[in-house]
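Per-entry structural report
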Amino acid sequence: YRPDGTISYTYAPRAENFWVIYRDQAIEIGWQNLDASVTNVIVYRSALEAGPWSQLLKHQYSSSSGPTAIRITDDTINDPYYYKMEARDSANAVLTTYGPVLLSP
């Protein structure tokens, strides 16, 4: 709910493992159902589908934590960007890459 009592959004379970959407004037980046051997995820962003890619965030992951979503607010909210995520193990090896996903303004 918002401070004025109106509903800001409703929750619907997501089917995909990695998503990027707009939510309440922020960019929501989320993931779920990753392999149990994943210990961290790294999210990258690029203006072009083929890169170059810039690391946006790194987050420790535990398969017992369930779905995870992080919201960021920056000055790119009106610009189209591609996002991709690498799921890595404790040795920092890339197990799976998700995306790229285009988030249009």
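Let us now look at the packing of aromatic side chains. Scanning the entire structure with this criterion turns up 0 aromatic pairs. For Arg45, the ring lying beneath its charged end belongs to Tyr81, and the centroid distance is 4.9 Å. Its guanidinium or amino end placed over the ring of Tyr44, Lys84 lies 5.7 Å from that ring's centre, counting from NZ or CZ.

For the rest of this paragraph, the subject is the side chain of Lys84. Looking at where Lys84 falls in the secondary structure, it is placed in strand S6 (residues 81-88). No salt bridge is formed by the buried Lys84; its nearest oppositely charged neighbour, Glu86, is found at 4.8 Å. Not counting residues up to four positions away in its chain, the partners in contact with Lys84 are Phe18, Ile42, Val43, Tyr44, Trp53, Thr97, Tyr98, Gly99 and Pro100.

For the coordinates displayed, the defined rule picks out 6 salt bridges. With its nearest N and O atoms 3.6 Å apart, the salt bridge here joins Asp24 to Arg2. Highlighted residues: Asp24 in the loop between strand S1 (18-23) and strand S2 (26-31) and Arg2 in the segment before S1, separated in sequence by 22 residues. Look at Asp24 and you get partly exposed, because its relative accessible area is 39%. The exposure class of Arg2 is partly exposed, given its relative accessible area of 36%. Across the pair Arg71 and Asp24 runs a salt bridge, and its minimum N-O distance is 4.0 Å. In this pair, Arg71 is assigned in strand S5 (residues 68-72) and Asp24 in the loop between S1 and S2, connecting sequence segments 47 residues apart. Exposure remark for Arg71: the relative accessible area of 37% places this residue in the partly exposed category. Among the charged side chains, a network of salt bridges with common partners joins Arg2, Arg23, Asp24, Glu28 and Arg71.

Analysis parameters
Per chain, the residues get numbers from 1 upward, laid out in the order the sequence is written. Only residues with pLDDT of at least 70 get local features here, since the model is predicted, and only at 80 or more are side-chain atom pairs given and counted; chain-wide, interface and lining totals rely on the full set of residues. Calculated side-chain values reflect all of the structure's heavy atoms, with hydrogen atoms and water omitted. Two rings from Phe, Tyr or Trp (for Trp, the six-membered ring) form a pair when their centres are within 6.5 Å of each other. A pair whose planes differ by under 30 degrees is stacked, one over 60 is edge-to-face, and the rest are tilted. Any Lys NZ or Arg CZ that is within 6 Å of a ring centre and within 35 degrees of that ring's normal is treated as a charge sitting over the ring. Helix and strand labels come from DSSP, where a helix needs a run of H or I of at least four residues and a strand needs a run of E of at least two; each type is numbered from the N terminus. Throughout this description, buried means an accessible area under 20% of the type-specific maximum (1.4 Å probe, protein chains only), exposed means over 50%, and partly exposed covers the range between. In this charge count, Lys and Arg are treated as positive and Asp and Glu as negative; neither His nor the chain ends contribute. Here, a salt bridge means any Lys or Arg side-chain nitrogen found within 4 Å of an Asp or Glu carboxyl oxygen. The contact criterion used is simple: two residues touch if any of their non-hydrogen atoms lie within 4.5 Å.

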